[in-house]
Amino acid sequence: MTNKSEGIKKPQKASKFDQNVEKSSETDSKQQPSFQHEISAFAFEIESLYRANLQTLKVVTSSAKEQVEELSKFIEDRSETTATDGGDTAYKIKPNELKRLEKGTKDLRASSLAIKKIPQIFFCALIHQYDAFLGKLLRVAFYVKPELLNASQKQMTYSELRSYGSLDEACQHLVEKEIESIIRESHADQFVWMEKRFGLSLRKDLLIWSSFIEMTERRNYPRRYSFIVMALYLLNTLQIAERMGLN
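Q: Pulling in residues and values, what's your account of the nonpolar core?
A: Residues Tyr 130, Leu 138 and Phe 142 are the most contacted members of the largest nonpolar core, which totals 20 residues. Only helix H3 (98-144), helix H5 (167-183), helix H6 (187-198) and helix H7 (209-218) provide two or more residues apiece to this core. In terms of residues, this core owes the most to one element, H3, which gives seven residues. Setting aside chain neighbours within four positions, we find Tyr 130 in contact with Phe 42, His 187, Gln 190, Phe 191 and Phe 212.

So, in structure tokens, the structure goes:
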């Protein structure tokens, strides 16, 4: 008599990692919009950016150091040295070695430039992360207090309204349009809007306000060193300073 259970594999017990992932997925799907959740997520994202910046700089700096050592060794091994009249040392490279020298020099220049640009890139990423965070906070605010939409100037045609399956979907569309229009404003105007709409004094005794505005406006400057960008940056900063009575 054969054992019918023979050859039938028992289902494997899920690992603790799989259980945690499944539990986390269930929690995320049931997570109601909340300020606490968005603030915690934002803090974690900022910490991740900070660590990524340090790790990236560490890797690129280490690579640049190795390139310097390799290039120095190549010059010492493959060149002839002569003393100049000024007391300096001149290196003479054979023509067939010039290509390798040029490549090593180019790689080192690229690494040096990367070390300079990486903090700028992460700085811009930090500001973009803040913009996304603000959008999520506003979405929570509209979820908690739907009556905030009453003052919205956004309009919807009858045909647009009919294209949605429910009134909730139409309201969600209006929320997204409202948030998009706010995010497009300058950071100073965003605070002005929130203070008026929420009835809060967000900038009172906020000592870092001027630094925050100056840094968020300056993010556009390193991307393109042109007169137009610099002029817009200065103009926007002066307008903000005038509103704050700093002129």
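What follows continues from the structure just given.
Q: Account for the pattern of salt bridges, with residues named and values stated.
A: Side chains that differ in charge, positive against negative, can pair when their charged atoms come close. Following the criterion strictly, the structure yields nine salt bridges and no others. A salt bridge links Glu 176 to Arg 139; the shortest N-O distance between them is 2.9 Å. With Glu 176 in helix H5 and Arg 139 in helix H3, this pair connects stretches of sequence that are 37 residues apart. The class for Glu 176 is partly exposed, based on a relative accessible area of 30%. On the basis of relative accessible area, Arg 139 is assigned to the partly exposed category, the value being 32%. Between Arg 184 and Glu 180 there is a salt bridge whose closest N-O contact spans 2.9 Å.

Q: Give me the lowdown on the packing of H5 against H6, citing residues and values where you can.
A: Close contact between H5 and H6 brings their axes to 9 Å; oriented N to C, the two are set at 135°. Compared by their axis directions, H5 and H6 come out oblique. Listed contacts from H6 to Glu 178, Ile 182 and Ile 183 of H5 are Gln 190, Trp 193 and Arg 197. In the contact of H5 with H6, the residues fall into three nonpolar, one polar and two charged.

Q: Explain the side chain of His 187 to me, using residue names and the numbers behind them.
A: If you trace the backbone, His 187 turns up in helix H6. Here Asp 131 takes part through its side chain, which lies 2.8 Å from a polar atom of the side chain of His 187.

Q: Lay out the pairing of strand E2 (residues 89-93) with the relevant residues and their values.
A: Consecutive side chains of a regular strand alternate in pointing toward one face of the sheet and then the other. Bridging between strand E1 (residues 79-83) and E2 involves five bridges; their strand directions are antiparallel. The partner of Thr 81 across the bridge, within E2, is Tyr 91. Count of turn residues in the E1/E2 antiparallel hairpin: five residues, of which Gly 87 carries a positive phi of about 90°.

Q: For the packing of aromatic side chains, give the residues involved together with the corresponding values.
A: Evaluated as defined, the whole model comprises six aromatic pairs. On the basis of an interplanar angle of 75° and a centroid distance of 5.4 Å, the ring pair of Tyr 130 and Phe 212 is categorised as edge-to-face. Of this pair, Tyr 130 sits in helix H3 while Phe 212 sits in helix H7, placing them 82 residues apart in sequence. Overall, Phe 212 belongs to the buried group, its relative accessible area being 18%. Ring geometry for Trp 209 and Phe 212: centres 6.0 Å apart, planes at 35°, overall tilted. Highlighted residues: Trp 209 and Phe 212, both in helix H7, separated by three residues, approximately one helical turn.

Q: Help me get a handle on H6, residues and values and all.
A: When the terminal C-alpha atoms of H6 are compared, their 16 Å separation across twelve residues agrees well with the 16 Å that a helix rising 1.5 Å per residue should span. Within the span of H6, buried status applies to His 187, Ala 188, Gln 190, Phe 191, Trp 193, Met 194, Glu 195 and Arg 197. Following H6 by one or two positions, Gly 199 has its phi on the positive side, about 70°.

Q: Before we move on, could you go through the environment of Trp 209 and cite the residues and values that matter?
A: Overall, the relative accessible area of 3% leaves Trp 209 in the buried class. Sequence spacing of Trp 209 and Ala 188 is 21 residues, and the spatial spacing of their C-alpha atoms is 9.2 Å.

Q: How would you explain a nonpolar patch on the surface if you had to name every residue and give the values?
A: Taken together, Phe 35, Ile 39, Tyr 143 and Val 144 make up a surface patch of nonpolar side chains, about 390 Å² in accessible area. Listed by contribution, the elements that provide at least two residues to the nonpolar patch are helix H2 (35-78) and H3. You can see Tyr 143 is positioned in helix H3. What makes Tyr 143 partly exposed here is its relative accessible area of 46%.

Conventions adopted
- Residues numbered from 1 in each chain as written.
- Predicted model: local features only at pLDDT ≥ 70, side-chain atom pairs only at ≥ 80, totals over all residues.
- Heavy atoms only, no water.
- Core = buried A, V, L, I, M, F, W, Y, C linked by side-chain atoms within 4.5 Å.
- Buried < 20%, exposed > 50% of the residue type's maximum accessible area, 1.4 Å probe, protein only.
- Helix = DSSP H or I, 4+ residues; strand = E, 2+ residues; numbered from the N terminus.
- Contact = heavy atoms within 4.5 Å.
- Salt bridge = Lys/Arg side-chain N within 4 Å of Asp/Glu carboxyl O.
- Axes fitted to C-alpha atoms, helices over the stretch in contact; angles between N-to-C directions.
- Parallel < 35°, antiparallel > 145°, perpendicular 65-115°, else oblique.
- Nonpolar A, V, L, I, M, F, W, Y, C, P; charged D, E, K, R; others polar.
- Polar contact = N/O pair within 3.5 Å; in protein donor to acceptor, adjacent residues only side chain to side chain.
- Pairing = 2+ DSSP bridges.
- Phe/Tyr/Trp six-rings, centres within 6.5 Å; stacked < 30°, edge-to-face > 60°.
- Expected span 1.5 Å × (residues − 1).
- Patch = residues over 30% accessible without salt bridge, like charges linked within 9 Å, V, L, I, M, F, W, Y side chains within 5 Å.
- Areas by Shrake-Rupley, 256 points an atom, 1.4 Å probe, with all protein chains shown as cover.

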